[in-house]
Amino acid sequence: MSGVRRQIAYPEPERAPDAPREARPDDGLLTVRAAEGDEEAFAVLVREHAPTLVGLATRLLGDRTEAEDAVQDAFISAWRRLPEFRRHSSFGTWMYRIVTNRCLNVLRARRPVTSLEAAGEFAAPEHDSPERVTEARDAVRGMRRALDDLSAEQRACWVLRELDGHSYEFIAETVGISQEAVRARVFRARRCLTRALGAWR
């Protein structure tokens, strides 16, 4: 498992759209092999899923380094728990849930600090005035502060719903709360963020 960190930080380079892709077993077969102790099969799963999972963790935590650490810990946990994996869902969905819960634990343990990378860097058109650019950047900072004020569950539910587009059912299963609780947290998060943005309109 010593190569997990390297594979997360340096995933395989993207191929050109018309470049041939080496055939590989599907996730189901790779998961079975990994559960039997095949580290190379698990390494393939890491390479395939790490970029998506690091993106998720970055949106949740607001920091790329923390996100990579969380995903690394999640993969190590998954490797140890593979014999328990019953394949009721895909490996990717299983990892999505493990990473989300890992990030929730991090968020509960500290006050989140959202980076501009996670909140969205503001790129002003060249013709905008300096005053307008300053106002827009202040709006981004306001959004960052509003995200920081959300509870861990509110932030997770909002990210999974508004940024990743998941269903309330999926979020409820991932976070471990009812669908009604998910709807309530998304609603409160939306209201909080709308107020933050409204101050800069």
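Since the model is a prediction, treat every value here as computed from it, not as a measurement.

Focus on the packing of aromatic side chains
Scanning the entire structure with this criterion turns up six aromatic pairs. Among the aromatic side chains, those forming a connected cluster through ring pairs are F42, F75, W79, F85, F91 and W94. In this arrangement the basic side chain of R161 is found over the ring face of Y168, its NZ or CZ atom lying 4.2 Å from the centre.

Describing the confidence of the model for the protein chain
Summarising the model, the protein chain shows a mean pLDDT of 80, and 68% of its residues fall at 70 or more. Note on residues 13-21: pLDDT is under 50 here. Beyond four places in sequence and across chains, it has four contacts. Between residues 112-125, whose pLDDT stays under 50, and residues either more than four places distant or in other chains, the model counts 28 contacts.

Some remarks on the pattern of salt bridges
As enumerated under the stated definition, the model contains six salt bridges in all. E173 serves as the salt-bridge partner of R97, at 2.7 Å between the closest nitrogen and oxygen. Taken together, the residues R97 in helix α5 (residues 91-109) and E173 in helix α9 (residues 168-175) connect sequence positions 76 residues apart.

Considerations on the nonpolar core
Residues F42, F75, F91, W94, M95 and V99 are the most contacted members of the largest nonpolar core, which totals 51 residues. Elements with a minimum of two residues in this core: α2 (27-35), α3 (39-61), α4 (64-81), α5, α7 (130-149), α8 (152-163), α9 and α10 (179-198). The biggest single contributor to this core is α3, with 12 residues.

Description of α3
In a regular helix each residue adds 1.5 Å, so 23 residues correspond to 33 Å; α3 covers only 29 Å between its end C-alpha atoms and thus falls short of that length. Largest kink in α3: about 45°, centred on H49, with the proline P51 one to four residues after it. Sitting at the amino-terminal end of α3 is D38, which places a side-chain oxygen 3.0 Å from the backbone nitrogen of E40. Among the residues trailing α3, G62 stands out with phi positive, at a value near 80°.

The rules we used
- Residues numbered from 1 in each chain as written.
- Predicted model: local features only at pLDDT ≥ 70, side-chain atom pairs only at ≥ 80, totals over all residues.
- Heavy atoms only, no water.
- Phe/Tyr/Trp six-rings, centres within 6.5 Å; stacked < 30°, edge-to-face > 60°.
- Lys NZ or Arg CZ within 6 Å of the ring centre and 35° of its normal.
- pLDDT = per-residue confidence, 0-100.
- Contact = heavy atoms within 4.5 Å.
- Salt bridge = Lys/Arg side-chain N within 4 Å of Asp/Glu carboxyl O.
- Helix = DSSP H or I, 4+ residues; strand = E, 2+ residues; numbered from the N terminus.
- Core = buried A, V, L, I, M, F, W, Y, C linked by side-chain atoms within 4.5 Å.
- Buried < 20%, exposed > 50% of the residue type's maximum accessible area, 1.4 Å probe, protein only.
- Expected span 1.5 Å × (residues − 1).
- Bend = angle between axes of the 7 residues up to and from the residue.
- Polar contact = N/O pair within 3.5 Å; in protein donor to acceptor, adjacent residues only side chain to side chain.

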